[in-house]
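Okay, here's what each chain looks like letter by letter:
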Amino acid sequence: MFVADICLFLYKQMRIIAVRTLKEYAKEFYPAEQALLSWYEEVTVAQWNSPNELKAQYKNASIINNKRVVFNIHGNSYRLIVDIEYRLKIVFVVWFGTHKQYDLINAKTISYVKAN
């Protein structure tokens, strides 16, 4: 395999921005820690090229638009909102919280939240 081929292979899988934010959420919402870790591990090996491919793997995910997706975490007790750049294979963590907190926000317009 050529070096260029190896680089292409490495970037076919999804990259998550920002892992630090996920870790902060796991600390804040401790009951969801293992579920967030499982989601992270599954997504880092995913190779989605479109919302349809994502939906085939996560039937309970809500596709908000071509970029924004809401995942049910820990038996639907929590919600994770991400933006996905399918062409670049990047998943941006936008928001995480309880289902009750999710009901108080607009998933289409909420902005990224920086971890402290």
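It should be noted that the structure appears before, not after, this text.
Along each chain, residue indices are assigned from 1 in the same order as the chain's sequence is written. Local features in this predicted model are restricted to residues of pLDDT 70 or higher, and side-chain atom pairs are both shown and tallied only at a pLDDT of 80 or more, whereas totals for entire chains, interfaces and linings draw on every residue. By convention in this description, side-chain values take in all heavy atoms of the structure and omit both hydrogens and water.

Remarks on the pairing of strand β4 (residues 78-85)
For step 1, the next point in the chain: Each residue's exposure class comes from its accessible area (1.4 Å probe, protein chains only) as a fraction of the maximum for that residue type: buried when under 20%, exposed when over 50%, partly exposed otherwise. Helix and strand definitions follow DSSP, with helices as H or I runs of at least four residues and strands as E runs of at least two, each counted in order from the N terminus. Of all eight residues in β4, seven are buried, a share of seventy percent or more.
For step 2, the next point in the chain: Paired strands, in this sense, are two strands between which DSSP finds at least two bridges. Here strand β3 (residues 68-73) pairs with β4 via six bridges, running antiparallel. From the neighbouring strand, I73 faces β4, where its bridge partner is Y78.
For step 3, the next point in the chain: The antiparallel hairpin formed by β3 and β4 contains four residues in its connecting segment, where H74 sits at a positive phi of about 55°.
For step 4, the next point in the chain: Note: β4 against strand β5 (residues 90-98), eight bridges, orientation antiparallel. The partner of E85 across the bridge, within β5, is I90.

Observations regarding the pattern of salt bridges
For step 1, the next point in the chain: Each reported salt bridge corresponds to a side-chain nitrogen of Lys or Arg within 4 Å of a carboxyl oxygen of Asp or Glu. Overall, the coordinates contain two salt bridges when judged by the stated rule.
For step 2, the next point in the chain: Across the pair R68 and D83 runs a salt bridge whose closest N-O atoms are separated by 2.7 Å. Pair noted here: R68 is in strand β3 and D83 is in strand β4, with a separation of 15 residues, a long-range link. This pair shows no difference in class: R68 is buried, exactly as D83 is.

A short note on helix α2 (residues 19-28)
For step 1, the next point in the chain: When α2 is considered as a whole, its buried residues turn out to be T21, L22, Y25 and A26. Mapping the buried residues of α2 onto a view down its axis gives an arc of 140°, with all of them on the same face. Opposite the buried face of α2, by more than 90 degrees, sit the exposed residues K23, K27 and E28.
For step 2, the next point in the chain: Whether two residues are in contact is decided by their heavy atoms: any pair within 4.5 Å suffices. Among the structural elements, β1 (15-17), α3 (33-44), β4 and β5 are those in contact with the buried residues of α2. In this context, the arc is that of the directions from the helix axis out to the C-beta atoms.

Focus on the packing of aromatic side chains
Two numbers describe a pair of aromatic rings. These are the distance of the centres and the angle of the planes.
For step 1, the next point in the chain: Pairing of aromatic side chains here covers Phe, Tyr and the six-membered ring of Trp, requires ring centres within 6.5 Å, and sorts the geometry by plane angle: under 30 degrees stacked, over 60 edge-to-face, intermediate tilted. Here the structure, examined in full by the defined rule, presents eight aromatic pairs.
For step 2, the next point in the chain: When the ring of Y25 is compared with that of F96, the centres are 5.5 Å apart and the planes differ by 40°; the resulting orientation is tilted. Of the two residues, Y25 sits in helix α2 while F96 sits in strand β5, which places them 71 residues apart along the sequence. The same class applies to Y25 as to F96, namely buried.
For step 3, the next point in the chain: The ring of Y102 carries the charged tip of R79 above its face, separated from the ring centre by 4.5 Å. Look at NZ for Lys and CZ for Arg. If either is within 6 Å of the ring centre and within 35 degrees of the ring normal, a charge sits over the ring.

Here's the deal with the nonpolar core
One recurring pattern in soluble globular proteins: nonpolar side chains tend to sit buried together.
For step 1, the next point in the chain: The biggest cluster of nonpolar side chains holds 26 residues, and the ones touching the most others in it are W39, W48, L54, F71, L80, I84 and F96.
For step 2, the next point in the chain: Counting residues per element, the ones that place at least two in this core are α2, α3, β3, β4 and β5.
For step 3, the next point in the chain: Ignoring any residue separated from it by four or fewer positions in sequence, one finds L54 in contact with W48, A61, I63, V69, F71, I84 and Y86.
For step 4, the next point in the chain: Among buried residues, those of type Ala, Val, Leu, Ile, Met, Phe, Trp, Tyr and Cys that are joined through side-chain atoms within 4.5 Å constitute a nonpolar core. In terms of nonpolar packing, the next biggest core, distinct from the first, is built from seven residues, V94, W95, A107 and I110 among them.

Nothing here speaks to function; it is geometry throughout.
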